[in-house]
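Results of the structural survey
Chain by chain, the residues:
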Amino acid sequence: MANHKLDSLDRQILKLIDGDARIPFLEVARTCNVSGAAIHQRIQKLTAQGILKGSHFVIDPENVGYETCAFIGLNLKNPGSFDDVVAGLRAIPEVVECHYTTGNYDLYIKVYAKNNHHLLDIIHDKLQPLGISRSESLISFHTAFERQLPIVELL
């Protein structure tokens, strides 16, 4: 994995856009005392390096009817089937994250469901047929906080 060196302008840009991804480049440029073209070039460089991975709106699952959030540890029947299982998980829209892990599980996923009955349907009808030998679910009552890594403070 690459570890890119960021200068003070890169860090200043990251801090500004982390606070508001929709901030106009010209406003960033004014704050940083550089041209708009310089900001545009830096954003392109940070994107090409993989430091920035785009921008998007965040949909609140609960406000669109998905009231249950669950984290599910999965054990595979056949450990050699990781790629097929991950492809199958990717095809399930309610699965929003999938992690390869160490410890008790082969994979760890985050799922949103409309309610507990829908979660049961997802586990039984969508996950089990993928070749899951065992799963363990943890239901989240509420997200205490969520954030991106505060990269600027770490550099």
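Right, let's talk about the nonpolar core for a bit. Taken as a class, soluble globular proteins show a tendency for nonpolar side chains to be buried jointly. Ranked by internal contacts, the top residues of the largest apolar core, which has 18 residues, are Ile72, Leu74, Leu89, Ile109 and Leu127. At the level of secondary structure, the elements contributing two or more residues to this core comprise β1 (68–76), α4 (82–90), β3 (107–113) and α5 (116–127). In this structure leucine 89 touches Leu74, Val95, Cys98, Leu107, Ile109, Leu127 and Leu130, once residues within four positions along its chain are discounted. Membership of the second largest hydrophobic core comes to 13 residues, among which are Leu14, Ile23, Val28 and Leu46.

Our next topic: the sheet that holds β1. Taken in spatial order, the 4 strands of this open sheet run β2-β3-β1-β4, and their pairing is antiparallel. Both edges of this open sheet fall to β2 (95–100) and β4 (132–140), since each of them pairs with a single strand only. Each strand of the sheet is rotated relative to its neighbour by a mean of 20°, with strand direction disregarded. As paired strands, β2 and β3 are joined by 5 bridges and run antiparallel to one another. Residue pairing for β3: valine 95 is matched across the bridge by valine 111. The strands touched by α4 are β1, β2, β3 and β4; relative to β2, the strand with the most contacts, the crossing angle is about 160°.

Where helix α2 (residues 25–32) is concerned, the buried positions are Val28, Ala29 and Cys32. Angular distribution of buried residues about the axis of α2 spans 100°; they occupy a single face of the element. Looking at α2, the residues exposed on the side facing more than 90 degrees away from the buried face are Leu26 and Arg30. In this structure, the buried side of α2 is in contact with α1 (8–19) and α3 (36–48). Phi for asparagine 33, located one or two positions after α2, is positive at around 60°.

Taken as a whole and assessed by the stated rule, the structure comprises 3 aromatic pairs. Relative to tyrosine 100, the ring of phenylalanine 82 lies with its centre 5.5 Å away and its plane at 50°, an arrangement referred to as tilted. Pair noted here: phenylalanine 82 is in helix α4 and tyrosine 100 is in strand β2, with a separation of 18 residues, a long-range link. Judged by relative accessible area, phenylalanine 82 falls into the partly exposed class, the value being 23%. Among the aromatic side chains, those forming a connected cluster through ring pairs are Phe71, Tyr105 and Tyr108.

Structurally, aspartate 10 is set in helix α1. Judged by relative accessible area, which is 0%, aspartate 10 ranks as buried. Contacts of aspartate 10, omitting those with residues within four sequence positions, involve Lys5, Arg42, Lys45 and Leu46.

Basis of the calculations
Residues numbered from 1 in each chain as written. Predicted model: local features only at pLDDT ≥ 70, side-chain atom pairs only at ≥ 80, totals over all residues. Heavy atoms only, no water. Core = buried A, V, L, I, M, F, W, Y, C linked by side-chain atoms within 4.5 Å. Buried < 20%, exposed > 50% of the residue type's maximum accessible area, 1.4 Å probe, protein only. Helix = DSSP H or I, 4+ residues; strand = E, 2+ residues; numbered from the N terminus. Contact = heavy atoms within 4.5 Å. Pairing = 2+ DSSP bridges. Axes fitted to C-alpha atoms, helices over the stretch in contact; angles between N-to-C directions. Arc of directions from axis to C-beta. Phe/Tyr/Trp six-rings, centres within 6.5 Å; stacked < 30°, edge-to-face > 60°.

Don't take any of this as a statement about function, it's just geometry.
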